[in-house]
2 protein chains.
Amino acid sequence: MKNGWSRKLFLCPDAPTAEDARPDTERIIDEIRKQGISGQEPVRFSVKALRSLYPLCPDADWQITVTLAWDGEGWEITRLEAGDTTAAHYGLCVDLGSTTLVMQLVNMETGQVEAQAAGFNPQIRYGTDILTRIFYTKDDPGRLAELQKATVRGLSELMQKLEAETGVDVSACAALIVSGNTTMVHFLLGLDAFCVFHTPYAVRTLDAGPLSARDLDLPMDGYVYCCPGKANYLGGDIVSGVLAAGIADSPELSVFLDIGTNGELVVGNQDFLVVGAGAAGPALEGGVVRTGMRAEPGAVDRVRIREGKIQVHTIGEIAPKGICGSGIVDLLAELFLYGWMDIRGKLVPEASRWIQRPEGGELAAEYAPGLFFFQSDIDEFLKTKAAACTMVEYMLQVIGLSMEDISRFYVAGAFGTHINKESGVTIGLYPDISRDRIICPGNTSLSGARKILLDRGLKKKAEELIGKMDYVQFGAVDDFLHLMVAATAVPHTDFSRYPSVMRRREEIQRHGEEAKS
Amino acid sequence: MKNGWSRKLFLCPDAPTAEDARPDTERIIDEIRKQGISGQEPVRFSVKALRSLYPLCPDADWQITVTLAWDGEGWEITRLEAGDTTAAHYGLCVDLGSTTLVMQLVNMETGQVEAQAAGFNPQIRYGTDILTRIFYTKDDPGRLAELQKATVRGLSELMQKLEAETGVDVSACAALIVSGNTTMVHFLLGLDAFCVFHTPYAVRTLDAGPLSARDLDLPMDGYVYCCPGKANYLGGDIVSGVLAAGIADSPELSVFLDIGTNGELVVGNQDFLVVGAGAAGPALEGGVVRTGMRAEPGAVDRVRIREGKIQVHTIGEIAPKGICGSGIVDLLAELFLYGWMDIRGKLVPEASRWIQRPEGGELAAEYAPGLFFFQSDIDEFLKTKAAACTMVEYMLQVIGLSMEDISRFYVAGAFGTHINKESGVTIGLYPDISRDRIICPGNTSLSGARKILLDRGLKKKAEELIGKMDYVQFGAVDDFLHLMVAATAVPHTDFSRYPSVMRRREEIQRHGEEAKS
């Protein structure tokens, strides 16, 4: 792939003679030019590569492979190898999440992912949530350095995992594209991130450009490029996601919703992009639910009601321990469809013996033996659902569009990947549109980073996207709260927006009655 | 000076507000653009500079000074300071000689030299001559690293000296221009230099471009640029010298001769440059003379014959211990003018009682009590003199020119600076042309480096000069040896080339006879 952030070229320059005594650097750069690297792109050697010229070149009879790393303006020759090693050409991309790091080793010749490794972000030991970490490091350069080192250690460990899994010398990679939110990028660079959460929200940087891996103490050659961000709450991970989904490449209108710890939203097409961000996430991921848990073995991830009973599936198909995001969405959808929960999201104890008050307290649905989903869990979840929906609705209103104008509704992130699309519509998290227009592209932060890795031209594209983005501030308007109340209902106070859901509910409840009778 | 390798700019961006929450990096770069740094010139932050943004910027009420280092393609912001510190803006240049390092701290705003420091090249402990050092390090990366470290230590020590002398924080300098021969540059970069002296003389590099000071372990910010060279024996020090003398800027023809450990020669003007190099130096600098010594206290540096006696001056005006280059040239000129030495360079014992055979051995001139300059010293010296002259003569022949076509005859280096111009002509080292056309510009390697430091456009100029240079190989031709024999005479076998010298000799000898009679 000629457009990637690194190149490997097999060169066979003539060996030096009395008649042709060009210095090694010139001899090699001349050959690189012959292979089509334009004179518009400066080429230089790293000090390390200079030092490896001899005796490597004569020992290899001047049949050598050079690795070129793109520094944003030109190429740095980072490594020389004997013989033709162009097939072994790899690069790295990483989704630098506040909880999880996911890194891919990418074959830069084929574009294929050779291996993927994931791990917890070692910053977690300084606080599970970002704010704790920010306060830990605030105005304390020593602690900030700890966080920076922890981040680099996290990345290094993933590099080791990838190396162990594939046998590839990962330190020879000449490019790492990082996609992360603004705080994560600040910590990676060793920058105080209090600015991200504090007025006037002027952060240290949203675009540091390519930086030498050495300067960040990463055990690899070449350059690290953090996908640039739009604003404090709208980081490079979202810009990367927009690139991955390609919503700015098409005349058709898209909604791009990323629900993680926060909710980020982009609406637009090739002509405009409106962006916003707001608190959304943890409840959706099961964070504030009493029996909520991560999507780990034992988590209920699928729920259906059949013959008056709640049937569950667990990850690893072992005894249920709790419930994760996709299980919750399924559960609420089924409760609603079968009339065990009403439009307001209130449990209906008359509807089923599984709706009860354990130990005489709060109403709850017993979704598995001894595991209860309480009314307050539902309330909390629906509030968060409403926040996400309202972001979309509010933004569409601001632009003067309605959901009917939208061709594609993207739900990025692990959440979108795992929840049942139909259930998402049922509870009103997704709009009631043709299901093939609801697209769950997975970890777009990572796939966008990979896309950039394989096409350095996307650096400019990302900058252009950011220039095009209009940032909308949520929550600061009365209208927003008003909309949110409506969206707290299941699926929404305005039934007309959810014709397929209401139809289905009617059918189920009619059949249910038929079944009972 | 706007064209230097570094800039300092005082910036007063607006402080961030809710309405203007640009990130710090963008805020600062926007301001830099307003100060006239063209959009054609990329600007980026070093990781170190990024980390210094906070709390420096708010603490300084956003009145800050940035230092920009030119990396060959764009600017790296290397340092931020509170307030307006633009007046304290310095850069470094160094003549990286195999024996001596001479460094200057240059005021980048005024172009003035603030201080100069010199010291022996610490490589000397690995061999006083270059070849010994090359063999010491040949094919031994560990020893090569020793030499590299020694070189860096030498530079660091000079930086410390400059700092101690001026109180300037030298580590804040963002540019160091290095002018050195090809071997010295190889050692600085940590490259095996055997290639410099071994066929096919294809060296590792003649132009490594600007390199990060960090990558070379130099205790400063920014970039190190080694002036590019033309060939193994014609390094960046000569290219730098040609730039300093400006011989390629004029339509008039110049000869540029640098006599150090080797002799390097450039003939040309704005249209062409012919270059060559050959063994020349040590004899001229007193190296192979039995009582020869460096230009240190006690060295005879000026000689004249008056009333039949040799009168000498010593450096430090103390008792003579030996004789240095300028003393030797004076001595030979006087011996010749007074007839104590003949045209062939042979001492004439009948001419003076100071020409004698100490202890019954070889003929010698007793130039100071107990200090003898032997016939074999003269022979050796004249051979070297002949080599230098013959380079010039041979090259002029190759080009099809004669000395009459030459407007300026530059003799670069310490040698040219210290020897008496008239004596140089007398012994035939310089041509017998109008004395104001003989120019001794001093250490042009250093002044060229300084010129580059203050004008980064000269990087391109240097590359163009090199592209224009035609390299002539000396010594490989019969004609060269033939010419050399003629040039071994004093001043030359062809008297007609030295009319003023022959006239003066006649006069002196006539007056001398008158004085005797």
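Here, the structure is the one placed above.
Summarised in this report is the structure supplied together with it. What you see is a predicted model; the values in this text were computed from it and never measured.

### Considering the overall build of chain A
In step 1: Along the backbone of chain A there are 16 helices and 22 strands.
In step 2: Since a compact globule built from 517 residues should have a radius of gyration of about 24 Å, the 26 Å found for chain A is in line with a globular shape.
In step 3: Overall size of chain A, expressed as C-alpha extent along the three principal axes, is 100 × 50 × 50 Å.
In step 4: Counting every position in chain A, which comprises 517 residues, the buried fraction comes to 59%.
In step 5: Counted over contacts in chain A with a minimum sequence separation of 6, partners at least 24 positions apart contribute 64%.
In step 6: Counting every atom, chain A has about 20100 Å² of accessible surface; 50% of that belongs to carbon and sulfur.
In step 7: Computed over 51 positive and 69 negative side-chain charges, the separation of the two mean positions in chain A equals 3 Å.

### Re the pattern of salt bridges
All names here are of chain A.
In step 1: Enumeration according to the criterion identifies 60 salt bridges over all chains in this entry.
In step 2: Across the salt bridge formed by Arg27 and Asp20, the nearest N and O atoms sit 3.1 Å from each other.
In step 3: The class of Arg27 is buried, set by a relative accessible area of 0%.
In step 4: Across the salt bridge formed by Arg456 and Glu41, the nearest N and O atoms sit 3.8 Å from each other. In this pair, Arg456 is assigned in the loop between helix H13 (444-453) and helix H14 (458-468) and Glu41 in the loop between helix H1 (24-34) and strand S2 (43-45), connecting sequence segments 415 residues apart.
In step 5: Owing to a relative accessible area of 13%, Arg456 belongs among the buried residues under this scheme.
In step 6: A network of salt bridges, in which partner residues are shared, links Asp20, Arg22, Arg27 and Asp30.

### Some details on the relation of the copies chain B and chain A
In step 1: You can overlay chain B on chain A at an RMSD of 0.1 Å; the transform is a turn of 180° with a shift of 0.0 Å along its axis. Expressed as a symmetry operation, the mapping of one chain copy onto the other fits a two-fold axis. Considering only C-alpha atoms, the part of chain B nearest the rotation axis is B:Glu73, at 3.8 Å.
In step 2: A symmetric contact is evident, with 100% of the interface residues of chain B recurring at the interface of chain A.

### Examining the sheet that holds strand S16 (residues 322-323) of chain A
Residues and elements named next belong to chain A.
In step 1: In space, the three strands of this open sheet follow the order S15-S14-S16, with mixed pairing throughout. The open sheet has two edge strands with one neighbour each: strand S15 (309-314) and S16.
In step 2: Bridge count for strand S14 (residues 299-306) against S16 is two bridges, and the pairing is parallel. Residue pairing in the sheet places Val300 in a bridge with Ile323 of S16.
In step 3: Sheet strands in contact with helix H9 (residues 325-337) are S14, S15 and S16, and its direction is about 15° off that of S14.

### Things to note about helix H15 (residues 458-468) of chain B
All names here are of chain B.
In step 1: Where H15 is concerned, the buried positions are Leu458, Lys459, Ala462, Leu465 and Ile466. For H15, the buried positions fall inside an angular range of 120° around the axis, keeping them on one side. Summarising the geometry of H15, the exposed residues directed more than 90 degrees from the buried face are Lys460 and Gly467.

### Focus on the interface of chain B and chain A
In step 1: Contacts between chain B and chain A engage 37 residues on the former and 37 residues on the latter.
In step 2: On the chain B side of the contact with chain A, B:Arg51, B:Tyr54 and B:Arg204 bury the most area, a combined 22% of that side's loss.
In step 3: Counting the contacts that link chain B with chain A gives four salt bridges.
In step 4: B:Asp24 is the salt-bridge partner of A:Arg204, the closest N and O atoms lying 2.3 Å from each other.
In step 5: For the side of chain B that touches chain A, the elements supplying multiple residues, two or more each, are helix H1 (24-34), helix H2 (47-51), helix H3 (53-59) and helix H6 (182-189) of chain B.
In step 6: Here the residues of the side of chain B that touches chain A are counted per class, giving 21 nonpolar, five polar and eleven charged.

Calculation criteria
- Residues numbered from 1 in each chain as written.
- Chains lettered and ligands numbered in written order.
- Predicted model: local features only at pLDDT ≥ 70, side-chain atom pairs only at ≥ 80, totals over all residues.
- Heavy atoms only, no water.
- Helix = DSSP H or I, 4+ residues; strand = E, 2+ residues; numbered from the N terminus.
- Rg over C-alpha atoms; globule rule 2.2 N^0.38 Å.
- Buried < 20%, exposed > 50% of the residue type's maximum accessible area, 1.4 Å probe, protein only.
- Contact = heavy atoms within 4.5 Å.
- Areas by Shrake-Rupley, 256 points an atom, 1.4 Å probe, with all protein chains shown as cover.
- Lys, Arg positive; Asp, Glu negative; His and termini not counted.
- Charge placed at Lys NZ, Arg CZ, Asp CG, Glu CD.
- Salt bridge = Lys/Arg side-chain N within 4 Å of Asp/Glu carboxyl O.
- Least-squares fit on C-alpha atoms with pLDDT ≥ 70 in both.
- Pairing = 2+ DSSP bridges.
- Axes fitted to C-alpha atoms, helices over the stretch in contact; angles between N-to-C directions.
- Arc of directions from axis to C-beta.
- Buried area = accessible area lost by both parts, 1.4 Å probe.
- Nonpolar A, V, L, I, M, F, W, Y, C, P; charged D, E, K, R; others polar.

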